[in-house]
Amino acid sequence: MNDLSPERRPVGAVAPDFTVDQNWAAYTPEEHARWDRLVARMRALLPGRACQAYLDALHTTELFQGGIPDMEELSARLQALTGWRVVPVAGLVPDEVFFDHLANRRFPAGAFLRSEAEFDYIEEPDIFHDIFGHVPLLADPTYAAFMEAYGKAGPRAIAANALPALARLYWYTIEFGLIEEAGGLRLFGAGIMSSPTETRFALEDASPNRLGFELERVMHTRYRIDDFQQSYFVIESFETLLEQAERDFGPIYATFAAEKAHAPDVVLAEDRVYHRGTQAYFRRPEG
Ligand code: HBI
Ligand code: FE
């Protein structure tokens, strides 16, 4: 995003692995207060909607003591739990760099906080999306192992020219995934966890499909990047997700180029259908 909002401080030197100094002391009182408002809004919504592992992690990571977290302190706590660290970056980093960080249990988190004008939506992942959305589940050992396996799968996908397949797995799980719990469907995707409107839409709105996660199905399904999802995929557990991530993706990549990708709103005969969406949200007259 070139039009950096005036409040976004220029970062210092960028290391070869694209990490920067978080410069925690430079956050302003307004930014710390904005972080607290963003967190308070989501914490009012997530009980009963976020998966239990996420709610548990909010406590084990002691993440929300108030104010923007210092990634060094947060990493010390997280490393003791699952070996993961959180490293500051200026923004999106090249795919191969991103995969290498994940494969080594380092989560790259944007060091900047969205401006007041971007309070409700920001295109690029900022520190709130990355730390509030992605980091808590890294305290869950099974999810932590899945994220490492995802990172390790990167180089082969790039070599097989099948990066979109792996990006779709990321999108429909790590960013927008749902999980089945005894009480019903719950959220675990970071993109939903950091959005008050999508938190409700993904779980409660009649519009989107809610379909059982299946690896090939997800790797062959396109997604939208600028709006809510037309389909959300439901995993049965982090254990089943980890098993899938440890499969050999080679055969799937081999068919990837040939097979036509599915549109984001379709329901296939072989789908496990939790909810067949009306897609009303996407038929609404453009405002
Ligand atoms: N870089 N900092 C950052 N954060 C991301 O989520 C990210 C990235 N680079 C690439 C990327 N995500 C996606 O293309 C992944 O699917 C690889
Ligand atoms: Fe993200």
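Scoring rules and cut-offs
- Residues numbered from 1 in each chain as written.
- Chains lettered and ligands numbered in written order.
- Predicted model: local features only at pLDDT ≥ 70, side-chain atom pairs only at ≥ 80, totals over all residues.
- Heavy atoms only, no water.
- Donors = N, O, S within 2.8 Å, 3.2 Å for Na, K, Ca; no water.
- Helix = DSSP H or I, 4+ residues; strand = E, 2+ residues; numbered from the N terminus.
- Buried < 20%, exposed > 50% of the residue type's maximum accessible area, 1.4 Å probe, protein only.
- Pairing = 2+ DSSP bridges.
- Core = buried A, V, L, I, M, F, W, Y, C linked by side-chain atoms within 4.5 Å.
- Contact = heavy atoms within 4.5 Å.
- Phe/Tyr/Trp six-rings, centres within 6.5 Å; stacked < 30°, edge-to-face > 60°.

A. Broad picture of the coordination of the iron ion (ligand 2). Here the iron ion (ligand 2) is held by His-129 (NE2), His-134 (NE2) and Glu-175 (OE), and the distances to it run 1.9 to 2.1 Å. For the iron ion (ligand 2), the donor residues sit on a single chain with the sequence spacing H-x4-H-x40-E. Of this pair, His-134 sits in helix H5 (residues 127–134) while Glu-175 sits in helix H8 (residues 163–175), placing them 41 residues apart in sequence. With a relative accessible area of 3%, His-134 lands in the buried category.

B. Structural detail: the pairing of strand E6 (residues 231–235). Within E6, five of the five residues are buried, which leaves it mostly tucked inside the rest of the structure. The side-chain alternation of E6 yields two buried faces, one formed by Ser-231, Phe-233 and Ile-235 and the other by Tyr-232 and Val-234. Taken together, the two bridges between strand E3 (residues 178–181) and E6 define a ladder with parallel strand orientation. Pairing of Ile-179 across the sheet is with Ile-235, part of E6. The pairing of strand E5 (residues 209–212) with E6 spans four bridges and is classified as parallel. Among the inter-strand pairings, Asn-209 is bridged to a residue of E6, identified as Ser-231.

C. Up close: the nonpolar core. With 90 residues, the main nonpolar core has Tyr-54, Ile-131 and Leu-166 as its most contacted residues. Non-local contacts of Tyr-54, meaning those with residues more than four positions away in its chain, are made with Leu-46, Phe-132, Gly-133, Pro-136, Leu-137 and Met-193.

D. How the structure looks around unusual backbone geometry. Within the chain, Arg-105 stands out as a residue other than glycine whose phi angle is a positive 55°. Here Arg-105 lies in the loop between helix H4 (95–103) and strand E2 (106–110). The backbone of Asn-161 shows a phi angle near 55°, a positive value even though the residue is not glycine. Within the element layout of this structure, Asn-161 appears in the loop between helix H7 (154–159) and H8.

E. Looking closely at the packing of aromatic side chains. Taken as a whole and assessed by the stated rule, the structure comprises 21 aromatic pairs. With centroids separated by 4.9 Å and ring planes inclined at 45°, the aromatic side chains of Trp-171 and Phe-176 adopt a geometry described as tilted. Across this residue pair, the class does not change: Trp-171 and Phe-176 are buried.

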